[in-house]
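# Report on the structure
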Amino acid sequence: MINTLHFSICNKQDHTFQKSLIDAIENYTKIHFQTEEHLLEKSNYPELASHRKLHDELAIRREHINKEFIDHDDYVTLLQFLKEWWTNHINKDDMEYVSHVMEYIHN
Ligand SMILES: [Fe+2]
């Protein structure tokens, strides 16, 4: 979805299509965060509160940045944010709980 949005913006495609992609990404992140937090809760992850705080902060920033894109066509900030979410949160922050969750699953 992020790559499709990037392609669409680079090719100056219709804003309606881009808005639908942004909505889809937003829905995906909501489900992703909820599912993750539920799993962390079930496994008694000790850092759940701070991880949940990261999700809340990302959700607030995402909402603001989406609005800036819709209102002012600020696609640079939007794409930078999505890249940062992917590279920093998913590939770094989320990796911190993997061993804890794996232990929970296998015991
Ligand atoms: Fe996360």
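Residues numbered from 1 in each chain as written. Predicted model: local features only at pLDDT ≥ 70, side-chain atom pairs only at ≥ 80, totals over all residues.

### What to know about the packing of helix α3 (residues 48–72) against helix α4 (residues 75–93)
As a reminder, the rule being used: With axes taken as lines fitted to C-alpha atoms, and helix axes fitted only over the stretch in contact, angles between N-to-C directions fall between 0 and 180 degrees. In this description a helix means any DSSP run of H or I spanning at least four residues, a strand means any run of E spanning at least two, and both kinds are numbered starting from the N terminus. With respect to orientation, any angle under 35 degrees is reported as roughly parallel, any angle over 145 as roughly antiparallel, any angle of 65 to 115 as roughly perpendicular, and every other angle as oblique. Helix crossings get a hand from a simple test, with the near helix turned counterclockwise from the far one by less than a right angle marking a left-handed crossing and a clockwise turn marking a right-handed one. Once C-beta atoms have been placed from the backbone, residue pairs whose C-beta atoms lie within 7 Å are recorded as contacts. Any residue outside Ala, Val, Leu, Ile, Met, Phe, Trp, Tyr, Cys, Pro, Asp, Glu, Lys and Arg is labelled polar, Gly included; the first ten of those are nonpolar and the last four are charged.
With their axes 9 Å apart at the nearest point, α3 and α4 run at an angle of 165 degrees to one another. Classified by the interaxial angle, the pair formed by α3 and α4 is roughly antiparallel. The two elements α3 and α4 cross, and the hand of that crossing is left-handed. The segment α3 lies against α4, with H51, L54, L58, R61, R62, I65, E68 and F69 engaging Y75, T77, L78, F81, W85, H89 and D93. For the contact of α3 with α4, the per-class residue count stands at 8 nonpolar, 3 polar and 4 charged.

### Some thoughts on unusual backbone geometry
Selection rule: Counting other C-beta atoms within 10 Å of each residue's C-beta, where C-beta atoms are placed from the backbone, gives the exposure class: buried for 20 or more, exposed for 12 or fewer, partly exposed between.
The phi torsion at K12 lies on the positive side, around 45 degrees, for a residue other than glycine. For K12, the position within the fold is in the loop between α1 (2–10) and α2 (15–42). For K12, a count of 8 C-beta atoms within 10 Å corresponds to the exposed category. Phi angles above zero are rare outside glycine, and D73 is one such case at about 60 degrees. Looking at the secondary structure, you find D73 in the loop between α3 and α4. We classify D73 as exposed; it has 12 C-beta atoms within 10 Å.

### Concerning the UniProt feature "domain: Hemerythrin-like" (unreviewed entry) in the protein chain
In plain terms, the rule: UniProt positions are given in the numbering used here, feature names are shortened, and annotations may be inferred rather than shown by experiment.
When the UniProt feature table is mapped onto this chain numbering, "domain: Hemerythrin-like" (unreviewed entry) sits at residues 19–98. Summarising residues 19–98: 86% helix, 0% strand, and an end-to-end C-alpha distance of 33 Å.

### A look at the environment of I25
Following the sequence through the fold, I25 ends up in helix α2. Judged by the 19 C-beta atoms lying within 10 Å of it, I25 falls in the partly exposed class. Separated by 57 residues in the primary sequence, I25 and L82 place their C-alpha atoms 9.3 Å from one another. Apart from the residues lying within four places of it in its own chain, the contact partners of I25 are M1 and I2.

### Structural notes on the packing of α1 against α2
Put simply, α1 and α2 touch, their axes get as near as 10 Å, and they point 160 degrees apart. Comparing the axis directions of α1 and α2 gives the class roughly antiparallel. Two packed elements cross with a definite hand, and for α1 against α2 that hand is left-handed. The segment α1 lies against α2, with I2, T4, L5, S8 and I9 engaging F17, Q18, L21, I22 and I25.

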